Amino acid sequence: MTNRTTRIACFGEALIDFLAKPAHDASEPRAFHQFAGGAPANVAVAVARLGGDAQFVGMFGQDMFGDFLLDSLQRLGVGTVQTARTDAANTALAFVALDDDGERHFNFYRPPAADLLFRREHFDDACFDGLASFHVCSNSLTESAIADTTVYGMQRARAAGAVVSCDLNWRPALWDRHTDPHPRLWAALHEADLIKLARSELEFLAHGLRGEAAQADDDDLRLVLDRAWQGHAQIVIVTDGDAPVRWFTRTQRGDVASYAVRAIDTTAAGDAFVGGLLYALADRAVDRGGLADFLRDEDALAHALRFAAAVGALAVTRHGAFAAMPDLAEVQSLIGGKGGHR
C-alpha cells in the first residue's frame, strides 16, 4: 500500500427526496417531508458520519433546493469545494412512497436537472490528488454528455491511483424508454475496480446479456461476472436485503452474514453499505495499488463487508437518506452483538 490520504470523492447526483407522510385518515391531504438525498451524495454522507474524509463532486441548481443540499452536506461534514452551481436547470426532485416493508416507489422530476450539467471542465485537478477512492452510480449515465463526464472522472481517478467504485443503483424511471441503457452501464462498470450490485440488478444485467431465454441464477451470475472481468473490476459484491452478502474476485468467492433489523425505509440502504465499505478500505489505507493484496486477505475482506452490512442495516431503521446514516459508535454497537445476523 502506498502512503496516501484517506479521502473519498463521490461524484454525480444530489437531489431532494420528498418522502410521503402516512395520512391519519382519508380526509387528510397527502403531505411530503423534504429530505436531502441522491445516491452518491448519500455515500459521501455515510462516510462523513462514520468519521471519514468525504468530498462530494457535482452540480447544484441556483435555487432553494441547491442551497438546502449544500448546507446539509456541509453540516454533516462533507467537503463541497469541488461542487459547482448553475442557473440553467433546477435541482432534481424525487417523490418517494413507502410500502409496509419500507420498500420504495419513486417519481422523479429529472431531467432537466442541474446535476446532469456537470462537464469534464468542471473537474479541478485537485479533486484527484491523494484520493483513496472515487465513487459513482448509474444515475449519472442517463444522458450521453453526463455519461461521458462520469467515465472521464473514473478514468482520471484510476490514473491517479484511487480505487474506482461503481454501485449500479438501477433506476429505470430515470431513463428514456427508447434508450438501451446497457452500453452506458457496461462502459462505466468496466472502468470500476469495485462493483456493487443488488440481486435484482444482477438479474437485470444478465437479462441484457442473454436476451429472453430463461436461465438459472448461477448462469446469470456467470454471465455478469464474465462480462465484468473484461474490464478493470477486481471485486463484484452482490447484496440482497438481509440475505448474506456475496462477493467475487477473479480467483475467490465467499459470503458474509448481514444483520436482521426491522426496516422502515430502504431508500439509502445500498448507499449506506457502499459508504461503510469505502470507509473501511480507507481506514486501512487501501488505494488501488493495495486493493489486490487486500482482497487476497479473506479475513480482512470479511471484516470490511460485515462493517458495511452493519452500516446498511442501521440506515433502513430510520427515515430519509442523509438523515438515516449511522455514526461509528452505532455501527460498532451493532457489530458487537446488539443485532441479529442472517
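In this text the structure is predicted, and so the values were computed from the model without any measurement.

Scanning the protein chain from N- to C-terminus turns up ten helices and 15 strands. In summary, the protein chain has a C-alpha radius of gyration of 19 Å against a globular reference of 20 Å for 342 residues, a match within 12%. Considering only C-alpha atoms, the protein chain reaches an extent of 55 × 45 × 45 Å along its principal axes. For the protein chain, with 342 residues in total, the buried portion stands at 55%. Contacts in the protein chain between residues far apart in sequence, at least 24 positions, make up 72% of those at least 6 positions apart. As displayed, the protein chain offers around 14,200 Å² of accessible surface, 47% of which is attributable to carbon and sulfur atoms. Within the protein chain, the 46 negative side-chain charges are centred at a point lying 2 Å from the centre of the 32 positive side-chain charges.

Working note: α-helix, 3.6 residues per turn, so residues spaced by three or four point in the same direction. Taking 1.5 Å as the rise per residue, helix H5 (residues 199–210) with twelve residues should run 16 Å; its terminal C-alpha atoms sit 16 Å apart, in good agreement. Along H5, the positions that sit buried rather than exposed are Glu201, Leu202, Leu205 and Ala206. One face of H5 carries all of its buried residues, which in axial projection span an arc of 140°. On its buried face, H5 is in contact with strand E9 (163–167), helix H4 (182–189), strand E10 (194–198), helix H6 (217–228) and strand E12 (245–248). Looking one or two residues past H5, Gly211 carries a phi angle of roughly 75°, positive in sign.

Buried residues dominate E9, accounting for five of its five residues. Going residue by residue along E9, you find Val163, Ser165 and Asp167 tucked away on one face and Val164 and Cys166 tucked away on the opposite face as well. Note: strand E8 (residues 131–137) against E9, five bridges, orientation parallel. Within E9, the position partnered with Ser133 by the bridge is Val163. Following the backbone out of E8, through helix H3 (residues 144–159) and into the adjacent parallel E9, one traces a crossover that is right-handed. With three bridges joining them, E9 and E10 adopt parallel strand pairing. Within E10, the residue paired with Asp167 across the bridge is Lys196. With respect to chirality, the unit in which E9 leads through H4 into the neighbouring parallel E10 is right-handed.

Topologically, Leu328 is positioned in helix H10 (residues 328–338). By relative accessible area, which is 25% here, Leu328 ends up partly exposed. Along the primary structure Leu328 and Arg49 are separated by 279 residues, whereas in three dimensions their C-alpha atoms are 7.2 Å apart. Apart from the residues within four sequence positions on either side, Leu328 is in contact with Arg49, Leu50, Tyr279 and Phe307.

How each quantity is defined
Throughout this description, residue numbers start from 1 for each chain and increase along the sequence as written. Since the coordinates come from a predicted model, pLDDT governs what is reported: local features require at least 70, and pairs of side-chain atoms require 80 or more to be given and counted, while whole-chain, interface and lining totals use all residues. Working from all heavy atoms in the structure, the side-chain values ignore hydrogens and water. Going along the chain from the N terminus, every DSSP run of H or I of four or more residues is numbered as a helix, and every run of E of two or more is numbered as a strand. C-alpha atoms define the radius of gyration in this analysis, and the globule rule sets the expected value at 2.2 Å times the number of residues to the power 0.38. A simple rule labels every residue: compare its accessible area, found with a 1.4 Å probe on the protein chains alone, to the largest value its type can have, and call it buried under 20%, exposed over 50%, or partly exposed in between. Contact definition: two residues touch when any of their heavy atoms are within 4.5 Å. Surface exposure here means Shrake-Rupley accessible area, sampled with a 1.4 Å probe, where a residue is shielded only by the protein chains that are shown. Charge assignment in this entry is limited to Lys and Arg as positive and Asp and Glu as negative, and neither His nor the chain termini are counted. The location of each charge is read from NZ of Lys, CZ of Arg, CG of Asp or CD of Glu. Given the number of residues in a helix, its expected span is that number minus one, multiplied by 1.5 Å. It is the directions from the helix axis to the C-beta atoms whose arc is reported. The pairing criterion for strands is at least two bridges between them, as found by DSSP. Assignment of crossover handedness uses the view with strands pointing away from the viewer, where a clockwise path from the first strand over the helix to the second indicates a right-handed crossover.

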